[in-house]
Amino acid sequence: MACNVSLTSKLFQRIVSLSQRQYSSQVFPKITTHYTVHPRESDPRWKDIDMERAVDETDVVIIGGGPAGMSAAIRLRQLAEKEGKELRVVVVEKASEIGGHILSGACVDPKALNELIPDWKEKGAPLNTPVTKDRFVYLTEKGSIPLPVFPGMPMYNHGNYVVRLGHVVQWLGEQAEAAGVEVFSGIAASEVLYNEDGSVKGIATGDVGIAKDGSPKEQFERGMELHAKCTIFAEGCHGHLTKQLSKKLNLREHCETQTYGIGIKEVWEIPAEKHQPGLVEHSIGWPLDKFTYGGSFLYHLNEPTPTIAIGFVIGLDYQNPYLSPFKEFQRFKHHPSIAKHLQGGKRIAYGARALNEGGYQSIPKLSFPGGCLIGCTAGFLNVPKIKGVHYAMKSAMLAAEGIFENLQESADASCIYPKSYEEKLKSSWVYSELKAVRNIRPAFHNPLGLYGGVAYGAFATLTKGFEPWTFSHGDPDSKRLKPAKECKPIDYPKPDGVLSFDLLSSVALTGTNHEGDQPAHLTLMDDTIPVKNNLGVYDGPEGRFCPAGVYEYVPLESGDGQRLQINAQNCIHCKTCDIKDPSQNINWVVPEGSGGPAYNGM
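Calculation rules
Residues numbered from 1 in each chain as written. Predicted model: local features only at pLDDT ≥ 70, side-chain atom pairs only at ≥ 80, totals over all residues. Heavy atoms only, no water. Helix = DSSP H or I, 4+ residues; strand = E, 2+ residues; numbered from the N terminus. Buried < 20%, exposed > 50% of the residue type's maximum accessible area, 1.4 Å probe, protein only. Polar contact = N/O pair within 3.5 Å; in protein donor to acceptor, adjacent residues only side chain to side chain. Contact = heavy atoms within 4.5 Å. Expected span 1.5 Å × (residues − 1). Core = buried A, V, L, I, M, F, W, Y, C linked by side-chain atoms within 4.5 Å. Pairing = 2+ DSSP bridges. Axes fitted to C-alpha atoms, helices over the stretch in contact; angles between N-to-C directions. Phe/Tyr/Trp six-rings, centres within 6.5 Å; stacked < 30°, edge-to-face > 60°. Lys NZ or Arg CZ within 6 Å of the ring centre and 35° of its normal. Salt bridge = Lys/Arg side-chain N within 4 Å of Asp/Glu carboxyl O.

Participant: Describe in detail the side chain of serine 190, supporting the description with residues and values.
Facilitator: Examined against the element boundaries, serine 190 turns out to sit in strand E9 (residues 189–194). When its relative accessible area of 13% is taken as the criterion, serine 190 is described as buried. Of the polar contacts made by the side chain of serine 190, one reaches the backbone nitrogen of glycine 206; its length is 3.5 Å.

Participant: Tell me about the environment of histidine 521, residues and numbers included.
Facilitator: Within the secondary structure, histidine 521 is located in the loop between helix H12 (503–508) and strand E21 (522–524). Linking histidine 521 and isoleucine 586, residues 65 residues apart in sequence, is a C-alpha distance of 9.9 Å. With sequence-adjacent residues up to four places away left out, histidine 521 is seen in contact with His514, Ala568, Cys571, His573, Asn587, Trp588, Val589, Val590 and Pro591.

Participant: Describe helix H4 (residues 165–178), listing the residues and the values that go with them.
Facilitator: Over its 14 residues, H4 runs 20 Å from end to end, which matches the ideal 20 Å to within 8%, given 1.5 Å per residue. For H4, the complete set of buried residues consists of Leu165, Gly166, Val168, Val169, Trp171, Leu172, Gly173, Gln175 and Ala176. The elements touched by buried residues of H4 are helix H2 (67–83), strand E3 (107–108), helix H3 (111–116) and helix H8 (389–409). Glycine 180, located one to two residues past H4, shows a positive phi value of around 105 degrees.

Participant: Which residues make up the nonpolar core, and what values do they have?
Facilitator: As a rule of thumb, soluble globular proteins bury nonpolar side chains together. Core analysis: the biggest nonpolar cluster contains 78 residues, and Phe233, Ile374 and Phe380 have the highest contact counts within it. Looking at which element gives the most residues to this core, the answer is H8, with 12 residues. The contact partners of phenylalanine 380, leaving out residues within four places of it in the chain, are Ile363, Leu366, Gly375, Gly388, Tyr391, Ser395, Tyr421, Leu425, Val430 and Leu434. With 59 residues, the next largest nonpolar core counts Ile308, Ile310, Ala352 and Leu535 among its residues.

Participant: Let's hear about the sheet that holds strand E5 (residues 133–139): which residues, and what values?
Facilitator: Spatially, seven strands are ordered E6-E5-E15-E16-E17-E14-E18 in an open sheet, and the strand pairing comes out mixed. The two strands at the open ends of the sheet, each matched to only one other strand, are strand E6 (144–146) and strand E18 (346–356). Neighbour-to-neighbour, the strand axes of the sheet open up by a mean angle of 20 degrees, direction not taken into account. In the sheet, strand E14 (residues 260–269) pairs with strand E17 (residues 307–315) via nine bridges, with the strands oriented antiparallel. Each residue of the ladder has a partner; that of tryptophan 268, found in E17, is isoleucine 308. Strands E5, E14, strand E15 (279–285), strand E16 (294–301), E17 and E18 of the sheet are contacted by helix H6 (residues 325–332), whose axis makes an angle of about 135 degrees with E17.

Participant: Describe the sheet that holds strand E4 (residues 129–130), naming the residues involved and giving the relevant values.
Facilitator: Pairing within the open sheet is antiparallel, and its three strands lie in the order E3-E7-E4. One side of each edge strand has no neighbouring strand; the edge strands of this open sheet are E3 and E4. Here E3 pairs with strand E7 (residues 161–162) via two bridges, running antiparallel. Bridge pairing in E7 places cysteine 107 opposite valine 162.

Participant: Let's hear about the packing of aromatic side chains: which residues, and what values?
Facilitator: The geometry of two aromatic rings is summed up by the distance between their centres and the angle between their planes. The tally for this structure, following the rule as stated, stands at 13 aromatic pairs. Between tyrosine 391 and tryptophan 429, the ring centres sit 6.1 Å apart and the planes meet at 45 degrees, which makes this aromatic pair tilted. Note that tyrosine 391 is positioned in helix H8 and tryptophan 429 in helix H10 (residues 429–436), a separation of 38 residues in sequence. You'll find tyrosine 391 and tryptophan 429 in the same group, each marked buried. Among the aromatic residues, those joined into a cluster by ring pairs are Phe312, Phe329 and Phe332. Above the ring of tyrosine 194, the side-chain terminus of lysine 248 is found at 4.7 Å from the ring centroid. Arginine 441 extends its terminal NZ or CZ atom over the ring of tyrosine 293, reaching a point 3.9 Å from the ring centre.

Participant: Give me the environment of tryptophan 469: which residues, what numbers.
Facilitator: Of note, tryptophan 469 is situated in the loop between helix H11 (450–463) and H12. In sequence terms tryptophan 469 and asparagine 439 are 30 residues apart; their C-alpha atoms lie 8.4 Å from each other. The residues touching tryptophan 469, leaving out its near neighbours within four places in the chain, are Arg438, Asn439, Tyr456 and Phe459. Of note is the side chain of tryptophan 469, whose polar atom sits 2.8 Å from the side chain of tyrosine 456.

Participant: Any chance you could break down the pattern of salt bridges for me, citing the residues and the numbers?
Facilitator: Two side chains bearing opposite charge may form a pair once their charged atoms approach each other closely. If you walk through the whole model with that rule in mind, you get 24 salt bridges. Across the pair glutamate 401 and arginine 75 runs a salt bridge whose closest N-O atoms are separated by 3.1 Å. Pair noted here: glutamate 401 is in helix H8 and arginine 75 is in helix H2, with a separation of 326 residues, a long-range link. For the salt bridge of arginine 222 with aspartate 207, the shortest nitrogen-to-oxygen distance reads 2.9 Å.

Participant: Hey, could you go over the pairing of strand E12 (residues 216–221) for me, with residue numbers and the actual values?
Facilitator: In this structure, strand E11 (residues 208–210) lies alongside E12, joined through two bridges in antiparallel fashion. When the bridges of E12 are listed, isoleucine 210 appears paired with proline 216. Between E11 and E12, which pair antiparallel and follow one another directly, the connecting turn spans five residues, one of which, glycine 214, has a positive phi of 90 degrees.

Structure below.
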């Protein structure tokens, strides 16, 4: 009898198990097919595929061809030429052309460029628009209140230049190649390689020829390995390789978690009579409430056609899951003081990117055996000034100097540890300037919100950061959302197609290009979490915090419930989903074939 009971119990459990799996298959269909979640070793379709990689060796490999990566490459070659040394430097950039993935409304401080290439004007650097006038305003729903801008204040920009940063990076790439740097664009680094002792050995580039279901195509080709004595990570904000490094090497052990913002930008051609080259205007206030950090920028560029760059930045520590950064930006453009710049004009480009806002408190360990972090990868951004390009370039130059010293001291070593870079950085103006403004961003977490933050910012500007305390950023951005039941939905106006626009027509202006038949590079560690948690608790915030229409909840074919659909082909590589996802279930990885937006020098 006992045996029969046991058998019956096992049969019952088997039926329950099968029914649960069938239910899961219907309610939570498989979304993620990427090998980082579903390893190829356990997939029979990959059994007979040759997985050997070709190997190339260099002295220094740099991941990312932005301002930081190019500056590091140029400085290394400058030092090598000065000392008469042979030094092979390779830059790997995922965009199809240098500068292609660069997005910024940038108002650039030329301090670092003056040090790197003192004769940049004679060499034709595209810094064509010196700042001629600053405006800073507090917006109410219908009006604006001018705020003072004096020398020494964060919003004082005289001496700086308004640029299309992609053009500047293209020019830096030309200077790097002229100096002997090997620049490989259209190639993405997908994996960090390690030596047996745990030091960084180099990187592997991405494989190509993989179907959407994760199987190998006939034209599958394995990526290659680049081994180097030192690997410089210059991936920009929230780099996917830097995330891996930080976990494996515990680089954030002695710093606070990073906090972020999302910057959304458009480029407009406007009537000539409205154009004021060199005008820089910033705003705070409307349309955001006082507890949501953010503000706008508007730059008049000196281009062949009358052009402005306009953008909006929102801190990703916002709490209301119904907030849409994209829609906040669209309604912002209808404010009378903003609309007057745009009326009669034409929008010609759109883009978005995450920004590091943690500053001084969030600087990780910068160097480690076999490599280092520079630029926005390390989190160098002056939030009150909304500037980081000159920090990216200067940190890159300091890293290059430290690496070159190590290479000379250990010429025969297969791997170096550029410890002196971190020491050089802490003795530089990058570190002292970030320390001076360290409390301004976290000061906005106060009972008065914006008003308390602005008041403290004025105090910190007067004291120049000599306060004997350092504020904490608190919880990471992913933990800041409140459950939907505690928040009020936001009623956004419909776009008028003149000043404001829908999401998909905006994405079309980014030049986004991903192959249709490839695994989605927006991966989920657990395909069931979006419906169970994000939709159930936060009413599906992915569709609102993503500025590209990548995520949407659609009805199941059975009509019983919803499922998450990932439109990976829309992704513009802003990394917001990876940062803001309340479940921390989304992991952005580099796309196969290194596709992405082509911002055309924005």
